[in-house]
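A look at the structure
Residues per chain are reported as follows:
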Amino acid sequence: MLMQTMSKKLHQSLHLVLPALLSPSLVVAGDLTFTPTVTADYYNLSVDFVDETIQPDVSESVYKVSPSFSGAYDSKKLQLATNFVAEKTTHSKQETHDSSFVTYGLQAQAFLIDNFLTLNSSVNKSFRSASSQSGVFNDSVFGSEQLVGVTNSNLGLNLSTGNSNMLQVRGNVQLQRSKADDDIDLAEFGSQGVARYDTKSASAGFAASSPANSQVNWNIYMQAAESDRAQTSNYRNSTFSGVLTVPIFSDIAITTNASINKNKIADDQALSDGLTYEQYGAGLRWSFAKQSYLSVLAYRSQAGEQESRNFIGGEFNWILSSRTQMLFSADRNQFGEQYGFNLTQASRFVRTQVSYNEGVDIQSRNNFVSNQVGSFICPSDALNIEDCYLSEDLNYQPAPGEQQVSVFGRDIELVDVVSRFETGQLSIAYDNQRKLKLSFGVNFSERVSLEDSQGIGGNLNRKTTGYSASAAYAISPKTSLILNNSLSRNTYLDSNGAETDRVEDNKMWEVKLTSARSSSLNLTASISERDSNRSRQAYTDKRVQLGLIYTFN
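Residues numbered from 1 in each chain as written. Predicted model: local features only at pLDDT ≥ 70, side-chain atom pairs only at ≥ 80, totals over all residues. Heavy atoms only, no water.

Our focus in this paragraph is the overall build of the chain. Tallying secondary structure elements over the chain gives 4 helices and 28 strands in all. Here the chain holds 553 residues, and the buried ones make up 44% of them. For the chain, contacts bridging at least 24 residues in sequence account for 58% of all contacts bridging at least 6. Of the roughly 27500 Å² of accessible surface on the chain, 55% is carried by carbon and sulfur atoms. (Helix = DSSP H or I, 4+ residues; strand = E, 2+ residues; numbered from the N terminus. Buried < 20%, exposed > 50% of the residue type's maximum accessible area, 1.4 Å probe, protein only. Contact = heavy atoms within 4.5 Å. Areas by Shrake-Rupley, 256 points an atom, 1.4 Å probe, with all protein chains shown as cover.)

Turning to the pattern of salt bridges, a few remarks are in order. This structure, assessed with the given rule, holds 12 salt bridges. We note a salt bridge from Asp-541 to Arg-530, for which the minimum N-O separation is 3.1 Å. On the criterion of sequence distance, the pair formed by Asp-541 in strand 28 (residues 539–551) and Arg-530 in strand 27 (residues 521–532) is long-range, its members being 11 residues apart. When its relative accessible area of 1% is taken as the criterion, Asp-541 is described as buried. (Salt bridge = Lys/Arg side-chain N within 4 Å of Asp/Glu carboxyl O.)

If you look at the biggest cluster of nonpolar residues, it comprises 11 residues: Tyr-43, Leu-45, Val-47, Phe-49, Val-58, Val-62, Phe-137, Val-141, Phe-142, Met-508 and Tyr-539. Broken down by secondary-structure element, the contributors of at least two residues to this core are strand 1 (31–49) and strand 2 (58–74). The leading source of residues in this core is strand 1, at 4 residues. Those residues within four positions of Met-508 in sequence are excluded, and the remaining contacts are Phe-137, Asn-484, Asn-485, Ser-486, Glu-529 and Arg-530. Residues Tyr-73, Leu-78, Ala-110 and Leu-175 belong to the second largest nonpolar core, which totals 9 residues. (Core = buried A, V, L, I, M, F, W, Y, C linked by side-chain atoms within 4.5 Å.)

Here we take up the environment of Lys-64. Mapped onto the elements of the fold, Lys-64 is located in strand 2. Each C-alpha atom of the pair Lys-64 and Glu-87 lies 7.0 Å from the other, and the pair is 23 residues apart in sequence.

A cluster of like negative charges, contributed by Asp-48, Asp-51, Glu-52 and Asp-57, occupies part of the molecular surface. Residue classification places Asp-48 among the partly exposed residues on the basis of a relative accessible area of 30%. (Patch = residues over 30% accessible without salt bridge, like charges linked within 9 Å, V, L, I, M, F, W, Y side chains within 5 Å. Lys, Arg positive; Asp, Glu negative; His and termini not counted. Charge placed at Lys NZ, Arg CZ, Asp CG, Glu CD.)

Taken together, the side chains of Tyr-473, Ile-475, Leu-481, Leu-483, Trp-509, Val-511, Leu-513, Ile-527 and Val-544 make up a nonpolar region of the molecular surface, amounting to roughly 710 Å² of accessible area. Put simply, the parts of the chain that give the nonpolar patch at least two residues each are strand 24 (462–476), strand 25 (479–493) and strand 26 (499–516). Here Trp-509 shows up in strand 26.

Among the structural elements, Tyr-293 can be located in strand 15 (residues 292–303). Separated by 22 residues in the primary sequence, Tyr-293 and Glu-315 place their C-alpha atoms 8.0 Å from one another. What Tyr-293 contacts, discounting residues up to four positions off in sequence, is Arg-285, Trp-286, Ser-287, Phe-288, Glu-315, Phe-316 and Asn-317.

Backbone geometry follows two general trends: most residues other than glycine have a negative phi, and most peptide bonds adopt the trans configuration. With phi around 60°, Asn-115 is a residue other than glycine that occupies positive phi space. Backbone geometry places Gln-433, a non-glycine residue, at a positive phi of 60°. Within the secondary structure, Gln-433 is located in the loop between strand 22 (419–431) and strand 23 (436–449). Classification of Gln-433 as partly exposed rests on a relative accessible area of 42%.

What follows concerns the packing of aromatic side chains. Counted by the stated rule, this structure contains 13 aromatic pairs. Pairing Phe-316 with Trp-318 gives two aromatic rings, centres 6.2 Å apart and planes at 55°, and the pair type is tilted. Its relative accessible area of 25% is what places Phe-316 among the partly exposed residues. Ring centres of Tyr-550 and Phe-552 lie 5.0 Å apart, and the angle between their planes is 75°; this geometry places the pair in the edge-to-face category. Accessibility expressed as a relative area gives 44% for Phe-552, which makes it partly exposed. Clustering of aromatic rings is evident, with ring pairs tying together Trp-286, Phe-288, Phe-316 and Trp-318. (Phe/Tyr/Trp six-rings, centres within 6.5 Å; stacked < 30°, edge-to-face > 60°.)

Right, let's get into the pairing of strand 23. The pairing of strand 22 with strand 23 spans 13 bridges and is classified as antiparallel. Bridging from a neighbouring strand, Gln-425 pairs with Asn-443 of strand 23. The antiparallel hairpin formed by strand 22 and strand 23 contains 4 residues in its connecting segment, where Gln-433 sits at a positive phi of about 60°. (Pairing = 2+ DSSP bridges.)

This is the structure we're talking about:
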């Protein structure tokens, strides 16, 4: 009930947070910047459809004008960043496809008590495809009629003790909402009609651990979240985990752990029972280097009302240096064996990450989770990696006005059902801090709905594989050449997770030239091609683009 009350008050909280952030106690002397910009683009667009009986080919000119502004405020107590873009697109032949979009974002961080209590808030609106079934390449130039406005809002209070030699405590309370402007009609893409995408979530978490210099190490973690989904019934998740390690020799210790994970879906008690999982383990831990260890444990677990199982699992954590670390874990979850892997390497010029994870969650909550390391830090309005940089700090958190950009885009789906997921990725980023920036990645994901999604979006089960590559080369101090290439393959699965005959490939390449003619004026030119063999609407989208960006300094 508490979680429901918190979720219902999300709107009121977000309307109240800005006056609180701007109170005299927080707004002290700081740096204020404000930058208006106008962007104008011309496109020569050619779209060739494989089956012209469904839709005729398109060849026309498209004009786009985008006035925008960005602003930032930075002081000891408060950081603010905002951006606003109004976009108007005009087609020379297909006047019915003319479009207007307004996107915006606001991020705020208030340091209420130094090194202890922080208030974070954000709200942003963007336009995106409603489903992977409705096309992944839709934008304001082509396919704008399939774009849906989505607003994401977040308000959080975070507590953390700063002294590692004392009891370490962290806590947080989060209110989140993801909402589409309108009902989403997916009927023409083989789905079952209209889905109302509007999910409010509230969560609270608490973690405590022993001091860094303690001989006996322990930690506990508790988290609870509840999501009110307009598309279907409420979803509740709660997690508890604890670890205790007691040394018996200088490098050998006895270790025990316990974890409980519960997922409750209203009106579906049978499925909820099957998603409850408990696990307890005991074993030995070998510390072979500072903060590096190998642990092997004997586990006893139970999923729902099934019989208990015994198995062997463990964890291998290797800290090679302050910039390179690797973690591998093996145990079980509700569905069988479960593995996790993370490798992160950072140097002055290169950042690499390999990761693999499994779990259960709903899509909207993933919008607020960012664990993508190995990517560039970019200004919020950056369009290319030439404007980005590579942080050497593994734990760097983007400041207001910055964003952490992965080489992979977000999963496209505005249907919020409880799903079992697996994700894996390899990403490499290179920045020689002079002329050349590179990024490359390969990814894998598989998502299988645990709820019946036929009534709100059709069969959403799919496996996705792909790669993405980008390069930016500074030809001169004022001119850069940018190359982009990507491939994404969606293989749709049946209700049991088996592959079907439906496979869709989406390919893209782009060559772009940018030139700064002055401190205010930038010129751009590009040529690109995008291919999609989407079911019942395969096409090739070819573009030649010329544009200018004028910034009022």
